Amino acid sequence: MEKVRLGIIGIGNMGSGHCGSILEGKVPDMELAAVADLRESRREWARENLPESVRIFEDGDALIASGCCDAVLVATPHYEHPRLVMEAFAHGLHALCEKPAGVYTKQVREMNEAASKTDRVFAMMFNQRTNHVYRKMYEIVHSGEYGKIKRVNWIITDWYRTQAYYNSGGWRATWDGEGGGVLLNQCPHNLDLLQWICGMPSRVQAFCHVGKWHDIEVEDDVTAYLEFLDGATGVFVTTTGDAPGTNRFEVTLERGKLVCENDKLSFYELEVSEREYCYTATEGFAKPAGHEVALTTDGENPQHVGVLRAFAANILRGEPIIARGEEGINGLTLSNAMHLSSWLGKPVDIPFDEDLFLEKLNELRKNSRVKENVQEVTFSTAGSYGTKEETL
């Protein structure tokens, strides 16, 4: 094939944005072949705004079975992600999954098993991995040149959302419709980056506050303590209720400290490892000598467009993708563990009891309320990710 014929399942906030990127020619190896949405209002939007060549379906299953696409992008409410990806594989289609990979790890594990039995390309929409500052952090930490991680702190409180945002869909911010709040909707990118750069914690203790700042039944304010097998510790703080909020990601290594804030990365390098200095220094208060290091990056930050380009290039030419679909379970493992810890009121080891998590989640789903005053609205997501997307 010369171009990948893509079908987008779910043309809400994210899906409609992806439509625009492809139609504007930002992904040269891809053409928009079809869209699907359960809502008549979004299908009407598609009829009014998309070319006549784009086929419109009432649901993802019909789109997948139509044979008009080579690949699908799943951008539906979260519970449907694994099922539709597996359905795509069953019809011989490649699949790109929006975050999160699913709502609970047992569900995603089944999807990953299906992926292992197909030769189709499977990718996650982890667009923040394209950001040059996070790629540089990954490079420095994984080089091993500056020793082991001692401490990780991420304050990510600039995910501000209004009540109007939560009122914009009946499924939003409900246990039965979405499966969680800020951890599952806004923070999959942050949790993915945290485990990608720093590795997976071995234990978490989390405090998830439900409806603290909004009229919702899921968490909108979270503080979590993390422990890693090699002795490192961390704190992860997030909310959709702070304005203007903060986005500061610190990683302290044995021989330096990385700080990412306001999309800028700084690095302080110690002349000798702190662990060595601690036991050889003769002064009681003197700190090890060090200096700021000027870091250079490639400056590229293509975001969603970068993921789409890499996905198409992998299908057509075998070039690397940004994030393998199977990796989606990692960040979800973190959010599931945080939820379970908060529900149980105690620390949770990773891996955790997946059956117990699902039991607790299903109890919440059973009592999930039907939302009133829902005003179906599709918002533009431009500029809402804390980093600017590439403009062409």
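Given the structure is predicted, the values throughout are model-derived calculations rather than measurements.

Digging into the UniProt feature "domain: GFO/IDH/MocA-like oxidoreductase" (unreviewed entry) in the protein chain
Argument step 1. Cross-referencing UniProt, the feature "domain: GFO/IDH/MocA-like oxidoreductase" (unreviewed entry) maps to residues 134-258 in the present numbering.
Argument step 2. Across residues 134-258, helical content stands at 23% and strand content at 34%; the span's end C-alpha atoms are separated by 11 Å.

So, the nonpolar core
Argument step 1. Membership of the largest hydrophobic core comes to 84 residues, with the highest contact counts inside it found for Val72, Tyr134, Met137, Phe236, Phe249 and Val251.
Argument step 2. A domain-level breakdown of this core finds at least three residues from each of domain 1 (4-128 + 302-323) and domain 2 (131-296 + 331-366).
Argument step 3. Once residues within four sequence positions are removed from consideration, valine 251 is found in contact with Met137, Val141, Ile149, Arg151, Cys198, Gly256, Lys257 and Leu258.
Argument step 4. Counting residues in each nonpolar core, the second largest holds 26 residues, with Cys19, Ile22, Val54 and Val121 among its members.

Observations regarding the confidence of the model for the protein chain
In low-pLDDT regions, the fine details of the predicted coordinates are not to be read closely.
Argument step 1. Put simply, the protein chain has an average pLDDT of 95, and 96% of its residues get 70 or more.
Argument step 2. For residues 386-392, every residue scores under 50 in pLDDT, and the model assigns this stretch 17 contacts once sequence neighbours within four places are set aside.

Things to note about the sheet that holds strand 10 (residues 233-239)
Argument step 1. Sheet architecture is open: nine strands sit in the order 14-13-12-11-7-10-9-8-15, paired in mixed fashion. Looking along the sheet, the strands with just one partner apiece sit at the ends: strand 14 (290-293) and strand 15 (348-349).
Argument step 2. Here strand 13 (residues 264-270) runs beside strand 14; their pairing, made up of four bridges, is antiparallel. If you follow phenylalanine 267 over to strand 14, its bridge partner there is valine 293.
Argument step 3. On the sheet, helix 9 (residues 188-198) packs against strand 7 (149-156), strand 9 (219-227), strand 10 and strand 11 (247-253) and is oriented at approximately 165° with respect to strand 7.

Details of the sheet that holds strand 2 (residues 30-36)
Argument step 1. The strand order 3-2-1-4-5-6 describes an open sheet built from six strands, whose pairing is parallel. The outermost strands of the open sheet, each flanked by one partner alone, are strand 3 (55-57) and strand 6 (122-124). This sheet shows a mean twist of 25° between the axes of neighbouring strands, independent of strand direction.
Argument step 2. Packed onto the sheet, helix 4 (residues 81-90) meets strand 1 (4-9), strand 4 (71-74), strand 5 (94-97) and strand 6 and runs at close to 165° relative to strand 5.
Argument step 3. Of the strands in this sheet, strand 1, strand 2, strand 4, strand 5 and strand 6 are in contact with helix 11 (residues 303-317), which crosses strand 5 at around 165°.

Observations concerning the packing of aromatic side chains
Each aromatic ring pair is described using two quantities: the centre-to-centre distance and the angle formed by the ring planes.
Argument step 1. Within the structure shown, the criterion is met by 10 aromatic pairs.
Argument step 2. The structure contains a cluster of three or more aromatic residues connected by ring pairs, namely Tyr134, Trp154, Phe236 and Phe249.
Argument step 3. One Lys or Arg, arginine 42, reaches over the ring of tryptophan 45 and ends 4.6 Å from the middle of that ring.
Argument step 4. Positioned above the aromatic ring of tyrosine 79 is the side chain of arginine 365, whose terminal nitrogen or guanidinium carbon lies 3.9 Å from the ring centre.

Concerning helix 5 (residues 105-116)
Argument step 1. Taking 1.5 Å of rise per residue, 12 residues should cover 16 Å, and helix 5 covers 16 Å from first to last C-alpha, within 8% of that figure.
Argument step 2. Along helix 5, the residues classified as buried are Thr105, Gln107, Val108, Met111, Asn112 and Ala115. All buried residues of helix 5 fall inside an arc of 155° around its axis, so they share one side.
Argument step 3. Of the surrounding elements, those touching the buried residues of helix 5 are helix 4, strand 6, helix 12 (328-344) and helix 13 (354-366).

A closer look at the UniProt feature "domain: Gfo/Idh/MocA-like oxidoreductase N-terminal" (unreviewed entry) in the protein chain
Argument step 1. Taking the numbering used here, the UniProt-annotated feature "domain: Gfo/Idh/MocA-like oxidoreductase N-terminal" (unreviewed entry) corresponds to residues 5-124.
Argument step 2. Helix makes up 41% of residues 5-124 and strand 22%, with an end-to-end C-alpha separation of 18 Å.

Conventions we followed
Residues numbered from 1 in each chain as written. Predicted model: local features only at pLDDT ≥ 70, side-chain atom pairs only at ≥ 80, totals over all residues. Heavy atoms only, no water. UniProt positions renumbered as here; feature names shortened; annotations may be inferred. Helix = DSSP H or I, 4+ residues; strand = E, 2+ residues; numbered from the N terminus. Core = buried A, V, L, I, M, F, W, Y, C linked by side-chain atoms within 4.5 Å. Buried < 20%, exposed > 50% of the residue type's maximum accessible area, 1.4 Å probe, protein only. Domains from an automatic or database assignment. Contact = heavy atoms within 4.5 Å. pLDDT = per-residue confidence, 0-100. Pairing = 2+ DSSP bridges. Axes fitted to C-alpha atoms, helices over the stretch in contact; angles between N-to-C directions. Phe/Tyr/Trp six-rings, centres within 6.5 Å; stacked < 30°, edge-to-face > 60°. Lys NZ or Arg CZ within 6 Å of the ring centre and 35° of its normal. Expected span 1.5 Å × (residues − 1). Arc of directions from axis to C-beta.

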